[in-house]
Number of protein chains: 2
Amino acid sequence: MAEKTYADSCLCSIIHDDTVNKVREVMPEEEKLYDLAELFKVFGDTTRIKIICALFESEMCVCDIAALLSMNQSAISHQLRVLKQARLVKNRRDGKVMYYSLDDDHIKHIFDQGLLHISEG
Amino acid sequence: MAEKTYADSCLCSIIHDDTVNKVREVMPEEEKLYDLAELFKVFGDTTRIKIICALFESEMCVCDIAALLSMNQSAISHQLRVLKQARLVKNRRDGKVMYYSLDDDHIKHIFDQGLLHISEG
DNA sequence: TGAACATATGAATATATGTTCATATGATGA
DNA sequence: TCATCATATGAACATATATTCATATGTTCA
């Protein structure tokens, strides 16, 4: 009764048990995969990509970034919060001004690999 | 009139012109940043992350993947299409069965860097 | 203390997106 | 050719999310 090993939602009756079992054994734990998706979701927005690229070059205040991207301060602030929660940026206050900078060494590698993928084909 | 150089949407009057200009010069072109966000958006979903992780281990057919993830065939097929459009997977037909496998060498690096980020802190 | 300014935040809105359901397509074998 | 099976696809629905607006917070300086 090979069929019994499959989820009810999959209507197929002939699949490759050995393959599925082998893969199942090496799959990372659910939580890790969820976190990974959450991380990439943060990168999956043009505004945040732009902010990160800007911060590759220099620490910037919220207003700098808003001016650079021609977006309003609130939108930038909201996105910086997302980046901060993902521990991708950090900030420091200097008087009224809040400066943001990158807080992760892996981002650059990830971006470079992504750009390599894009430039192919 | 420093204010005139800023977008109307940014209400700040005191920002760092030099920084903004310097950053503006090194920013990648708009289209490239858009493509990069689109790529990461593909990685920003748990189902697709799981599919990719599974394919790290072995080529699989649609039904295999559906069984592995306990999801229905249609959902998997839709997501495989997204992955294919992003040129992350390729497929080959063998009779009625369509086998999918990874079609990019950078994915593994990107995932590993992402996992490094997650495991920190 | 109060005005001015940079930033943060909550609510609302519009848009994007993942899954499901129903059904179409394409291949096999009798 | 017809039934069966694996996969693909379009429409619909529910949910997530980015931006805007209005306003709050926190700092500086007079």
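Residues numbered from 1 in each chain as written. Chains lettered and ligands numbered in written order. Predicted model: local features only at pLDDT ≥ 70, side-chain atom pairs only at ≥ 80, totals over all residues. Heavy atoms only, no water.

Another point: the side chain of H106(B). Looking at the secondary structure, you find H106(B) in helix 6 (residues 106-119). Taking relative accessible area as the criterion, H106(B) reaches 10% and is therefore assigned buried. In this structure H106(B) touches Q113(A), L116(A), H117(A) and E120(A), once residues within four positions along its chain are discounted. (Helix = DSSP H or I, 4+ residues; strand = E, 2+ residues; numbered from the N terminus. Buried < 20%, exposed > 50% of the residue type's maximum accessible area, 1.4 Å probe, protein only. Contact = heavy atoms within 4.5 Å.)

The next thing to look at is the interface of chain A and chain B. Across the contact, 66 residues belong to chain A and 66 residues belong to chain B. Summing both sides of the interface, chain A and chain B together bury roughly 5700 Å²; the carbon and sulfur share of this comes to 71%. It is F40(A), H106(A) and H117(A) that lose the most area in chain A upon contact with chain B, and together they represent 11% of the buried surface on that side. Applying the counting criterion to the chain A and chain B interface returns two salt bridges. (Buried area = accessible area lost by both parts, 1.4 Å probe. Salt bridge = Lys/Arg side-chain N within 4 Å of Asp/Glu carboxyl O.)

On to the sheet that holds strand 1 (residues 60-61) of chain B, then. Strand pairing within a sheet occurs via backbone hydrogen bonds; the two strands may be parallel or antiparallel. Residue and element names in this part refer to chain B. Spatial strand order, 1-3-2: three strands in an open sheet with antiparallel pairing. Each of the sheet's edge strands pairs with one partner strand only, and the pair in question is strand 1 and strand 2 (89-94). Across six bridges, the pairing between strand 2 and strand 3 (residues 97-102) is antiparallel. Each bridged residue has a counterpart across the sheet, and for V89 the counterpart in strand 3 is L102. (Pairing = 2+ DSSP bridges.)

This part takes up the packing of helix 1 (residues 17-26) of chain A against helix 4 (residues 62-69) of chain B. Closest axis-to-axis distance for the helix 1 of chain A/helix 4 of chain B pair is 10 Å, and the angle between their directions is 45°. Classed by the angle they form, the pair helix 1 of chain A and helix 4 of chain B counts as oblique. In the packing of helix 1 of chain A onto helix 4 of chain B, the handedness of the crossing is right-handed. The segment helix 1 of chain A lies against helix 4 of chain B, with T19(A), V20(A), V23(A) and R24(A) engaging D64(B), A67(B) and L68(B). Of the residues in the contact of helix 1 of chain A with helix 4 of chain B, the class split is four nonpolar, one polar and two charged. (Axes fitted to C-alpha atoms, helices over the stretch in contact; angles between N-to-C directions. Parallel < 35°, antiparallel > 145°, perpendicular 65-115°, else oblique. Left-handed = near helix turned anticlockwise from the far one by under 90°. Nonpolar A, V, L, I, M, F, W, Y, C, P; charged D, E, K, R; others polar.)

Attention now goes to the protein's contact with DNA strand C. Taken together, 28 residues form the shell around DNA strand C, and within it S74(A), Y100(A), R48(B), S74(B) and Q79(B) come nearest. For DNA strand C, the backbone portion of the atoms within 4 Å of the protein, that is sugar and phosphate, comes to 63%. A distance of 2.9 Å is found between a base oxygen of DNA strand C and a side-chain nitrogen or oxygen belonging to H78(A). Elements that contribute at least two residues to the surface near DNA strand C include exactly helix 4 (62-69), helix 5 (73-85) and strand 3 (97-102) of chain A together with helix 3 (46-57) and helix 5 (73-85) of chain B. The dominant element in the surface near DNA strand C, judged by the number of residues it contributes, is helix 5 of chain A, at five residues. When its residues are assigned to classes, the surface near DNA strand C shows 10 nonpolar, 11 polar and seven charged. (Near = heavy atom within 4 Å. Polar contact = N/O pair within 3.5 Å; in protein donor to acceptor, adjacent residues only side chain to side chain.)

Both faces of the sheet carry side chains from a regular strand, because those side chains alternate between them. Residues and elements named next belong to chain B. In terms of strand pairing, strand 1 meets strand 3 through two bridges, oriented antiparallel. Note that in strand 3 the partner of M60 across the bridge is Y100. From the end of strand 2 to the start of strand 3, which pair antiparallel, there are two residues, and G95 there has a positive phi angle of about 65°.

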